[in-house]
There are 2 protein chains.
Amino acid sequence: MQLVREPDAEAALAFLQTELAGLALRRGHLVQAVGECEVQYQGRARSMLTKGERLLVLKPDGTLLIHTAKGAKPVNWQPPGASFAVAVEAGRVVLSSHRAKPEEIVRVTFHSVRLLVAVPLTDGADLAVEGTEDDLQNLLRQRPHLVEPGFVPSLRERTSATGRYDLDGHDAKGRRLVVECKRATAGVADAQQLWRYVERLRRTEPTVRGVLVAPRVAEKARLLLAEHDLGWRELDWATALPQSQEVRRSGQASLGRFAQEEPQVSAPVLQPRAEAAVVRTA
Amino acid sequence: MQLVREPDAEAALAFLQTELAGLALRRGHLVQAVGECEVQYQGRARSMLTKGERLLVLKPDGTLLIHTAKGAKPVNWQPPGASFAVAVEAGRVVLSSHRAKPEEIVRVTFHSVRLLVAVPLTDGADLAVEGTEDDLQNLLRQRPHLVEPGFVPSLRERTSATGRYDLDGHDAKGRRLVVECKRATAGVADAQQLWRYVERLRRTEPTVRGVLVAPRVAEKARLLLAEHDLGWRELDWATALPQSQEVRRSGQASLGRFAQEEPQVSAPVLQPRAEAAVVRTA
DNA sequence: ACGTACATGTCGCTG
DNA sequence: CAGCGACGTGTACGT
């Protein structure tokens, strides 16, 4: 781990040159810089950020992040795959990041550097998120009655030539039934996505039905669905998440995936701290 | 600026407690921690990240970011507005972050801490991005022939009761013309967005036309547009960006906004560095 | 607070 | 490589 406080331009240049080279070669150091800087960006769009104190993060994969004191999104950034260059121009350290496709450049000019850090960052394991749309899909495959009584989902994969819908099958009367599901509140755009699929299918098979399944369906979305003779179903599946996880594993196993490779971790229920210990920010 | 290397659990606790309190009160310190940790998340979804070396960033506004060595997106995070709490449990420093709405908790358990940093971060200025969809809209307002010859945009604001479209007006033959524009390649969803607006309007005014304007329109999007009697126009407006900026300022001025408050900065053209100086990462 | 649309979205997958 | 869809999307804006 390397640490430099308040380096001058030359020292900062030397540090960054060394670290960026090492970053490219050994691939495993995360480099940070805190200091007063301007940022220019040009690529898919264009921006200019005037002087201010910010945090820069450089990752071994070429990611560049520039964070201010506010917000989850970096004020400027470069996605993975970019290359770095560092130089001193007119007495100031300039770090530039270049991405080839699409052609994008981020240029950071430091007026002063407060801190430079380089630490090896070993990545633990991949993150498995539970509660995705995929989980909802598998839940509905296992418990089709949650869509509607008598629904029988087809076994074939969701991948289809034309459009691919989340789930399809047949209802109690043998009519084709297409299901679109959303992990959160469904809006107009989601309703229209279902409409698009169904509309196409109805040309050759006019009796095709469509149902939108989500924890909540917005009013406008309902209107659109009603207008086009589509249905919806509000399903609070969050309560069934632990069960859905069971479903997910067995569901994936039945799809021929490697269930034994699934990390069998399950996050315990988290509770907010007692008031006394909490530090409020907002 | 505060720096602590390799603190034990007690020292880390003391540091974080002090800094988080200061963070809440004075609002201006960015706190970082690098170390081996596990992360649990529960809220809109749920996840569990096993032990590994990561970078944590805490912002004065309650933002929490947890970054691994790869990718632009944090592996776990908390958006602005969350509150923090720190404690030692079973000899390990535990940092938890709580968000009220939606109810979300991130819990970070440190097995070891390599580095703690706290720096004041003064935010410079807001970022103005050039090349947004808004810029394209204003360009088209100024040069309506880019949509099609004879197009006369209406003056009224884009805000409409039912759906709000980017631009509307009348064509050379006096027919209502609705324009949807996209800053980048337009896909099926974008075509469908236009369709949604036009379809509603056509109920009362069957002659309404619709045009999708974008630098590129995907093949499937074109098909959908054609099927519903909608048009499209591919327009490489990136080349006209500097002009569009002129347009933007005057356009906004004419809309009654405060043009003098617009930062008149304009990003110079950036060029990639010479090969020799570049450090490749990919 | 909720819904809607944009984003330098990012990311993963499929053709 | 392009397109398409999901995301714990985040973020701003309008109702």
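Quick caveat: nothing in here was measured; it's all calculated off a predicted structure.

Caption draft 1: Broad picture of the protein's contact with DNA strand C. In the vicinity of DNA strand C lie 27 residues, with Asn76(A), Trp77(A), Arg216(A), Arg183(B) and Tyr197(B) positioned nearest. Expressed as a percentage, the sugar and phosphate content of the atoms of DNA strand C within 4 Å of the protein is 83%. Separating a phosphate oxygen of DNA strand C from a backbone N or O atom of Ala72(B) is a distance of 2.8 Å. Secondary structure elements with two or more residues in the surface near DNA strand C: strand S5 (76–78) of chain A together with helix H3 (188–204) of chain B. Considering each element in turn, the surface near DNA strand C owes the most residues, three residues, to H3(B). Looking at the surface near DNA strand C, its residues break down into 10 nonpolar, five polar and 12 charged.

Caption draft 2: Examining helix H1 (residues 9–26) of chain A more closely. Residue and element names in this part refer to chain A. The terminal C-alpha atoms of H1 lie 25 Å apart, and with 18 residues this matches the ideal 26 Å at 1.5 Å per residue to within 8%. Looking at H1, one finds that the buried residues are Ala 12, Leu 13, Phe 15, Leu 16, Glu 19, Leu 20, Gly 22 and Leu 23. For H1, the secondary structure elements touched by its buried residues are strand S1 (2–5), strand S2 (29–42), strand S3 (46–58), strand S6 (83–89), strand S7 (92–99) and strand S8 (104–120). Of the residues flanking the start of H1, the one acting as N-cap is Asp 8, its side-chain oxygen 3.2 Å from the backbone nitrogen of Glu 10.

Caption draft 3: Representation of the sheet that holds strand S12 (residues 176–181) of chain A in the model. All names here are of chain A. Spatially, S10-S11-S12-S13-S14 is the arrangement adopted by the five strands of the open sheet, whose pairing is mixed. A strand with exactly one partner marks an edge of an open sheet, and here the two such strands are strand S10 (152–153) and strand S14 (231–234). Relative to strand S11 (residues 167–170), S10 runs antiparallel, the two sharing two bridges. Paired with Pro 153 across the bridge in S11 is Gly 169.

Caption draft 4: Quick look at the interface of chain B and chain A. On the side of chain A, 103 residues touch chain B, which itself brings 100 residues to the contact. The tally of links between chain B and chain A comes to four salt bridges. If you look at where chain B meets chain A, you find 25 residue pairs in polar contact (both at pLDDT 80 or more). The element best represented in the side of chain B that touches chain A is strand S3 (residues 46–58) of chain B, accounting for 11 residues. When its residues are assigned to classes, the side of chain B that touches chain A shows 50 nonpolar, 24 polar and 26 charged. Bridging between S3(A) and strand S9 (residues 128–130) of chain B involves three bridges; their strand directions are antiparallel. For Ser47(A), the partnering residue across the bridge sits in S9(B) and is Val129(B).

Caption draft 5: Main features of the protein's contact with DNA strand D. The immediate surroundings of DNA strand D are formed by 26 residues, with Arg183(A), Arg196(A), Trp77(B), Arg216(B) and Lys220(B) found nearest. The sugar-phosphate portion of DNA strand D accounts for 78% of its atoms within 4 Å of the protein, the bases making up the rest. Here a base oxygen of DNA strand D and a side-chain polar atom of Asn76(B) are 2.8 Å apart. Class assignment for the residues of the surface near DNA strand D results in nine nonpolar, six polar and 11 charged.

Caption draft 6: Broad picture of the relation of the copies chain B and chain A. Superposition record for chain B on chain A: RMSD 0.2 Å, screw rotation 180°, translation along axis 0.0 Å. These values place the two chain copies in the arrangement generated by a two-fold rotation axis. By residue overlap, the copies meet face to face through one surface: 100% of the interface positions of chain B are interface positions in chain A.

Caption draft 7: Structural detail: the pattern of salt bridges. Residue and element names in this part refer to chain A. For the structure on display, the rule yields 34 salt bridges over all chains. Among the ionic pairs, Arg 176 bridges to Glu 205, the shortest N-O distance being 3.6 Å. Here Glu 205 lies in the loop between helix H3 (188–204) and strand S13 (209–214) and Arg 176 lies in strand S12, a separation of 29 residues in the sequence. Arg 176 gets classed as buried once you look at its relative accessible area, which sits at 14%.

Cut-offs used in this document
Residues numbered from 1 in each chain as written. Chains lettered and ligands numbered in written order. Predicted model: local features only at pLDDT ≥ 70, side-chain atom pairs only at ≥ 80, totals over all residues. Heavy atoms only, no water. Near = heavy atom within 4 Å. Polar contact = N/O pair within 3.5 Å; in protein donor to acceptor, adjacent residues only side chain to side chain. Helix = DSSP H or I, 4+ residues; strand = E, 2+ residues; numbered from the N terminus. Nonpolar A, V, L, I, M, F, W, Y, C, P; charged D, E, K, R; others polar. Expected span 1.5 Å × (residues − 1). Buried < 20%, exposed > 50% of the residue type's maximum accessible area, 1.4 Å probe, protein only. Contact = heavy atoms within 4.5 Å. Pairing = 2+ DSSP bridges. Salt bridge = Lys/Arg side-chain N within 4 Å of Asp/Glu carboxyl O. Least-squares fit on C-alpha atoms with pLDDT ≥ 70 in both.

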